[in-house]
Amino acid sequence: MTVLPTVSSRTRLGLEILAAGAIGGVVGDGLLRAMPWGLNVAIGTAGLVTAGVWLIRRHHVKPGPDAAWLAITALLLGLAFLRRDAATLAAFDTIALIGALALAAASVQGEFIANWYPFDLIRGVVSATASSIFGGFVLVLSDIQWRELPQDDRLRNVRRVVLGVALATPILLVFAALFASADPVFSNVLTNLFAFDAETVISHTFFIGFWAFLVAGYLRWSFLGHPFQGLTPANRTVASIVPLATALGLLNALFLLFVVVQLRYFFGGAALVEATSGLTYAEYARRGFFELMTASGLVLPILLGAEALVRGATAAQVRVFRQLAGLLLGLLLVIMASALQRMRLYVAAFGLSTDRLYATAFMILLLGVFAWFAWTVLRGQRQRFVFGSLMQGLAVLAGLHLLNPDAFVVKSNLNRPAAERPFDAKYALTLGGDAVPALIDAMPRLGAEERCVVVRGLLARWDKADTDWRTWNWSRARARRLVRTQADALKASCPQTSPGAAP
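Residues numbered from 1 in each chain as written. Predicted model: local features only at pLDDT ≥ 70, side-chain atom pairs only at ≥ 80, totals over all residues. Heavy atoms only, no water.

J.: Looking at this structure, how should I read the overall build of the protein?
T.: Check the secondary structure of the protein and you find 19 helices and zero strands. For the protein, with 503 residues in total, the buried portion stands at 42%. The long-range share in the protein, meaning contacts at least 24 apart out of those at least 6 apart in sequence, stands at 80%. In the form shown here, the protein has an accessible surface area of approximately 27,200 Å², with 68% of it arising from carbon and sulfur atoms. (Helix = DSSP H or I, 4+ residues; strand = E, 2+ residues; numbered from the N terminus. Buried < 20%, exposed > 50% of the residue type's maximum accessible area, 1.4 Å probe, protein only. Contact = heavy atoms within 4.5 Å. Areas by Shrake-Rupley, 256 points an atom, 1.4 Å probe, with all protein chains shown as cover.)

J.: Explain the layout of surface pockets here, please?
T.: Regions of empty space are outlined by a rolling probe, equal in size to a water molecule, passed over the atoms. Approximately 1,200 Å³ is the volume found for the largest pocket. Contributing to the lining of the largest pocket are 37 residues, with Ile95, Leu365, Ser389, Leu390 and Gly393 lying nearest its centre. Of all the secondary-structure elements, those providing two or more residues to the lining of the largest pocket are helix H3 (67-80), helix H4 (87-108), helix H5 (118-143), helix H10 (281-309), helix H12 (354-376) and helix H13 (385-403). Looking at the lining of the largest pocket element by element, the count peaks at nine residues for H13. Grouping the constituent residues of the lining of the largest pocket by class yields 32 nonpolar, five polar and no charged. Considered as a void within the structure, the second largest pocket measures approximately 900 Å³ in volume. (1 Å grid on protein atoms, 1.4 Å probe; cavity = no way out; pocket = protein on both sides within 12 Å on 5 of 7 lines; lining within 4 Å. Points joined across faces, edges and corners; volume = space filled by probe spheres on them. Nonpolar A, V, L, I, M, F, W, Y, C, P; charged D, E, K, R; others polar.)

J.: So what exactly am I meant to see when it comes to the state of the cysteines here?
T.: Put plainly, a disulfide is one covalent bond tying together the sulfur atoms of two cysteines. All chains considered together, the criterion is met by one disulfide. Note that cysteine 452 is cross-linked by a disulfide to cysteine 494, the S-S spacing being 2.0 Å. Residues cysteine 452 and cysteine 494 are joined through a disulfide that is right-handed, its torsion about the S-S bond being 115°. With a gap of 42 residues between them, cysteine 452 in helix H17 (residues 448-462) and cysteine 494 in the segment after helix H19 (487-493) connect regions that are remote in the sequence. (Disulfide = S-S within 2.5 Å.)

J.: Sorry, what's going on with helix H18 (residues 474-485) here?
T.: Residues three or four positions apart in an α-helix share a direction because the helix packs 3.6 residues into each turn. Given a rise of 1.5 Å per residue, twelve residues ought to cover 16 Å, and the 16 Å separating the end C-alpha atoms of H18 matches this to within 8%. Against helix H16 (436-441), H17 and H19 lie the buried residues of H18. For H18, the capping residue at the N-terminal end is asparagine 473, with a side-chain oxygen 2.9 Å from the backbone nitrogen of serine 475. (Expected span 1.5 Å × (residues − 1). Polar contact = N/O pair within 3.5 Å; in protein donor to acceptor, adjacent residues only side chain to side chain.)

J.: Honestly, empty space enclosed by the protein in this entry has me stumped. Any pointers?
T.: As enumerated under the stated definition, the model contains one cavity of 30 Å³ or more in all. In this structure, the largest cavity spans a volume of roughly 30 Å³. The wall of the largest cavity is formed by Ala428, Leu429, Leu431, Gly432, Ala435, Val436, Leu439, Leu458, Arg461 and Trp462. Elements that contribute at least two residues to the lining of the largest cavity include exactly helix H15 (425-429), H16 and H17. It is H17 that provides the largest number of residues to the lining of the largest cavity, a total of three residues.

J.: Would you mind showing me how to read the side chain of aspartate 66 here?
T.: Here aspartate 66 is to be found in the loop between helix H2 (39-58) and H3. Here aspartate 66 sits buried without a salt bridge, and the closest side chain of opposite charge, arginine 123, lies 11 Å off (N-O distance). A polar atom in the side chain of aspartate 66 sits 3.1 Å from the side chain of tryptophan 69. Excluding anything up to four places from it in sequence, aspartate 66 contacts Ser107, Glu111, Phe112, Ile113 and Ala114. (Lys, Arg positive; Asp, Glu negative; His and termini not counted. Salt bridge = Lys/Arg side-chain N within 4 Å of Asp/Glu carboxyl O.)

J.: Help me understand the environment of alanine 492 in this model?
T.: Mapped onto the elements of the fold, alanine 492 is located in helix H19. Look at alanine 492 and you get exposed, because its relative accessible area is 59%. Remark: the alpha-carbon pair of alanine 492 and valine 455, spanning 37 residues in sequence, is separated by 9.7 Å.

J.: So what exactly am I meant to see when it comes to H2 here?
T.: A rise of 1.5 Å per residue sets the reference length of H2, with its 20 residues, at 28 Å; its end C-alpha atoms lie 28 Å apart and thus fit the reference within 8%. Listed in full, the buried residues belonging to H2 are Asn40, Val41, Ala42, Thr45, Leu48, Val49, Ala51, Gly52, Leu55 and Ile56.

J.: I would appreciate a short explanation of the packing of helix H11 (residues 315-350) against H12 in the present structure.
T.: Between H11 and H12, whose axes approach to 11 Å, the crossing angle comes to 165°. With respect to their mutual orientation, H11 and H12 come out roughly antiparallel. You can see that H11 and H12 cross each other, and the crossing is left-handed. In this structure, H11 contributes Leu329, Leu332, Leu333, Met336, Ala339, Leu340, Met343, Tyr346 and Phe350 to the contact, and H12 contributes Arg356, Thr360, Met363, Leu366, Leu367, Phe370, Phe373 and Ala374. Split by residue class, the contact of H11 with H12 holds 15 nonpolar, one polar and one charged. (Axes fitted to C-alpha atoms, helices over the stretch in contact; angles between N-to-C directions. Parallel < 35°, antiparallel > 145°, perpendicular 65-115°, else oblique. Left-handed = near helix turned anticlockwise from the far one by under 90°.)

The values are spatial; any link to function lies outside them.
What follows is the structure, encoded as structure tokens:
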């Protein structure tokens, strides 16, 4: 009597993850090759979340308490690709989606995301990303114990068939070549039967393998991986607060000096700026905002690192750190207010662009995160910091979706007096489908030259019949519909677009 080997639960789960990865590879190749992303991302995200839920229920996995809302967040971020057509906003949606999936993987492993600290966040995202890339190889070579699979007659027959095909292939090639040479009709049949584009086959094979290993690696890390604790700093006793206090004190002195100069310039106004710097007030604002934004963003990791160093310190040492950090945040508040004032002057002089809008949104997010840092970390409630910051990030992202950035940029620039700065029609045409309704509504307000630029740009980009259902997006569909239904009126508003007109 033959005793069949017992298939372990780990091997069974690994096989199901491998099957899910194979399906994900085919689906990913079929959907995500089409650009720009739209409906395909929503379907792909829903499929990945569904596979995760199915594996959780099938294998009775008990995820952490954050798994449900992270899965819902991932689904909402996938659906976000159906609404707005703005390239930069889609990039932020993609980053947020990757982050939500990485946190969901950690939650499936049983971690409590709401109690994470920044080092835990870095650990979770980095480990999930790396494991998704390389986890497929670990799944096939280590997790699945192939010797546990039953070696019944069906598997043996499969191997025998494969061996038979390998033996027959060279013989078939010889006889097929002889028959094709003897009969042109048979040669045409063989040519049509095996006609294929090698480049297309290689491309599809690559993308199927890429998405298959990525999906399998992500699911493998979620269900078979173990949390990595290497990036979480350990509590250590601080010998002296003097080095850290000195560094923070010098940083405060530099910030204070800059604040004094800023207050002098802004109270002095344009005349003082032009007299001392040789720049116009607008050029002065343009030159400084992004540098101040970068400086503001660098303060957060500095304070987080300093807080990690004093985690095991005495109460007196912690109090010194909190006082210096609080002073630094106060000075930073003035610097960020200066940066926002510079952006206001910058936009007033040169108009609004998506880069300036997103930079302002990032600065507003930083203000909220620093306020939350002061309210939580500096009050001894560090475990609440990451969760609140993530919620603020998602809130700002949702606010940008509600604002409709591309349409907001067009409307803001249209409402500027033309005497200050003419409307940049060519830049407006580079924006996504969300800008099209605002451009069409503004046609009567544009000059003849700008109107013709807009008409030619809209017709060239949006009056197209060929669309791919995988890239469907509500804003793009609306833009195409508006341009097509109003094509005649658009052409009439610019006679140069009529057939036979001079270019």
